[in-house]
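Structural characterization, general
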Amino acid sequence: MVREARKQDASDIHLLFGQPPICRLRGTLQPMAGEPLSGEECETLARELAAGGYDELLRIGELDRADTIEGVRVRINLFRQQEHTSAALRLLSDRIPELSSLGLPPAVEELTSLRRGIIVVTGVTGSGKSTTLAAMIDRINHSRAEHVITLEDPIEYVYTPDRCIFNQREIGRDTQSYANGLRAALREDPDIILIGEMRDLDTIETALTAAETGHLVLATLHTGSAADAVDRMVDVFPEARQRQIRMQLSQTLQAVLSQQLLPDREGAGRVAACELMLVNAAVRNLIREGKTPQIANVIATSAQEGAITMDNALLKLVRDRKILPETAKRAAHDPDFVRKNLAY
C-alpha cells in the first residue's frame, strides 16, 4: 500500500474497519484497490505497524511512531475506535527538499542565518510545517557548524550530518515529554533546538528561556495566522504572568511563518500560501502592549523588509496563475479584501 501510494504521489493512507484502504491524493480522499478491511485484518495491520507497541495501543487507545516502509519514511498513528483499530499513515518525502523549492517568501531563507531567538512555523495539520522546518535545518546543516538537538513526536525527517552534528530525540521513547527533553537540552550544549510542537506552558516557557540564553529555537504551533500564534503562546499562561511573557516574547521572537497548502490551478498538485511576520520594532511594541489585532496592519506595511500577509500572498498566487481566484477567496483571512483586489 505504501509503495502504491508513493507511486500515485499520495500524502496519507487511512486504514479502517469496513472500508478499503483510502489515500489522500492532492488533498482529496480516494479509495485504493482492495476489499473492505475486516476487523481481523485491521488488528493484523495494527500489530505490524505498532512494532512492539501493540500492548500500549490496547492499554492507552492510541500510538504514535515513525518507521521506514519500502524505503519511505512514514509517520504512523494507530488508534482504537468502536472496538476496532484504525491507522493514519503520513508518507514523508524520501529526502529533505531544498528550502528554495518550497515556494516560501524569499526572506525565509535569510532566517537560517540567525543565531538566536525563536522562529515559529504555524498552520493546520498537513500544511507542511514539519517539511519547512526540516528544510531550514538542512540549509543550516550545509552552511555552518552547529550542534542541533531535535525533540519530535515522532521523528519524521532523519538528518545526514554535513557541517552540523545532530541529536534527534523522540518523545515517549528517548524522553518523557517535550518539557523534560527541552529542559535537558539546555544542559547538552546545543546551538539550535527544534521543537516538534509547543503544546503547553512548560514547553513554551523553557523555549523562551532557551532563546533568551542565546540559542536558536525553531518550533511549530497549530494556529491560523501569525498574530494568533502570539496570542496562543501568551494565553497558555495565567493572567498574572501574561505581561511578563509578552515582554519575553517581544525580546526573543524573530519571525512567524503561517502556511497552508492549496490545490493548484490545474488540480494536479498543491501550492504553499504563506504569511510571514518579521518581528521588527513595531511588532515588538504591539506584542508588549497586547495589541495583536494590529499586527496584520504592520505586516502589510513591512513588505519592503520581506514580510507578507496571507491575503496578499494569495493574491500573488492568483496573479502568478498558480491558483484559481475561487481558491484564494476560500483560503483568505479577509475574503472581501481578496475579492475587491481580484477585480482589478
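Look up: the structure comes first, before these words.
The residue count restarts for each chain, going from 1 along the sequence in the order it is written. Restriction of local features to residues with pLDDT of at least 70 applies here, the model being predicted, together with a cutoff of 80 or more for giving and counting side-chain atom pairs; totals for whole chains, interfaces and linings are based on all residues. To get the side-chain values, take all heavy atoms of the structure and skip hydrogens and water.

1. Things to note about the overall build of the protein chain
Secondary structure assignment for the protein chain yields 14 helices and 13 strands. Radius of gyration here uses only the C-alpha atoms, and the compact-globule reference equals 2.2 Å multiplied by the residue count raised to the power 0.38. Over its C-alpha atoms the protein chain spans a radius of gyration of 21 Å, differing by no more than 12% from the 20 Å that the globule rule assigns to 344 residues. Structurally, the protein chain occupies a C-alpha span of about 60 × 55 × 40 Å along its principal axes. Accessibility here uses a 1.4 Å probe with only protein chains present; expressed as a share of the type maximum, an area under 20% marks a residue as buried, one over 50% as exposed, and anything in between as partly exposed. Across the 344 residues in the protein chain, those meeting the buried criterion constitute 50%. Restricting to contacts in the protein chain with at least 6 residues of sequence separation, those with at least 24 account for 54%. In the structure as shown, the protein chain presents an accessible area of about 16400 Å², 46% of it carried by carbon and sulfur atoms. His is not counted, nor are the chain ends, whereas Lys and Arg count as positive and Asp and Glu as negative. Just so you know, the charge point we use is NZ for Lys, CZ for Arg, CG for Asp and CD for Glu. Taken as two groups, the 41 positive and 49 negative side-chain charges of the protein chain have centres that lie 5 Å from each other. Counting from the N terminus, the helices are DSSP H or I runs at least four residues long and the strands are E runs at least two residues long. Note on contacts: a residue pair is in contact if any heavy atoms of the two residues lie within 4.5 Å. Reported accessibility uses the Shrake-Rupley method at a 1.4 Å probe radius. Residues are deemed covered only where the shown protein chains occlude them.

2. Quick notes on the sheet that holds strand β7 (residues 117-122)
Strand order in the open sheet formed by 7 strands is β9-β8-β10-β11-β7-β12-β13, and the pairing between neighbours is mixed. At either end of the open sheet lies a strand with only one pairing partner, and these are β9 (165-170) and β13 (270-278). Adjacent strand axes in the sheet meet at a mean angle of 15°, parallel and antiparallel pairs treated alike. Strand pairing follows a simple DSSP-based rule, namely that at least 2 bridges must link the two strands. In this sheet, strand β11 (residues 216-221) lies alongside strand β10 (residues 192-195) in parallel orientation, the contact comprising 4 bridges. Bridging across to β11, Ile193 finds its partner in Val217. For helices, the axis comes from a line fit to the C-alpha atoms of the stretch in contact; other axes are also lines fit to C-alpha atoms, and the angle between any two N-to-C directions lies between 0 and 180 degrees.

3. Quick word on the packing of helix α8 (residues 226-235) against helix α9 (residues 239-252)
Contact pair α8 / α9: the axes reach a minimum separation of 9 Å and the direction vectors enclose 135°. In this view, α8 runs oblique relative to α9, as classed from their interaxial angle. Helix-helix and strand crossings are classified by hand; for α8 and α9 the assignment is right-handed. Between α8, through Val230, Asp231, Met233, Val234 and Asp235, and α9, the contact on the second element is made entirely by Gln242, Ile245, Arg246 and Leu249. Gly is placed with the polar residues, together with every amino acid not listed as nonpolar (Ala, Val, Leu, Ile, Met, Phe, Trp, Tyr, Cys and Pro) or charged (Asp, Glu, Lys and Arg). Residue composition of the contact of α8 with α9, grouped by class: 5 nonpolar, 1 polar and 3 charged. For classification purposes, an angle smaller than 35 degrees is called roughly parallel, one larger than 145 roughly antiparallel, one from 65 to 115 roughly perpendicular, and anything else oblique. Whether a crossing is left-handed or right-handed is set by the direction in which the near helix is turned from the far one by less than a right angle, anticlockwise for left-handed and clockwise for right-handed.

4. Focus on empty space enclosed by the protein
It is the rolling of a water-molecule-sized probe over the atoms that shows where space remains empty. As defined here, a cavity is a set of points on a 1 Å grid over the protein atoms alone where a 1.4 Å probe fits but cannot get out. A pocket is an open set with protein on both sides within 12 Å along at least five of seven lines, and residues line them when an atom is within 4 Å of a point. Grid points are joined across faces, edges and corners, and a volume is the space filled by probe spheres set on the points. Tallying each qualifying case throughout the model produces 1 cavity of 30 Å³ or more. Quantified by volume, the largest cavity comes out at close to 40 Å³. Considering the residues around the largest cavity, the lining is formed by Leu15, Cys42, Leu45, Ala46, Leu78, Thr85, Ser86 and Ala87. For the lining of the largest cavity, the secondary structure elements donating two or more residues are α2 (39-50) and β6 (84-91).

5. Quick look at the layout of surface pockets
Its boundaries defined by the atoms lining it, the second largest pocket holds a volume of some 410 Å³. If you trace the second largest pocket, you find 16 residues lining it, with Glu56, Leu63, Asp64, Ile171 and Gly172 closest to the centre. Every element with two or more residues in the lining of the second largest pocket is listed here: α3 (54-60), β4 (62-69) and β5 (72-81). The biggest single contributor to the lining of the second largest pocket is β4, with 5 residues. Of the residues contributing to the lining of the second largest pocket, the split by class is 5 nonpolar, 3 polar and 8 charged.

6. Remarks on helix α6 (residues 178-185)
Extensive coverage of α6 is indicated by the burial of 6 of its 8 residues. Turning to α6, its buried residues are Tyr178, Ala179, Gly181, Leu182, Ala184 and Ala185.

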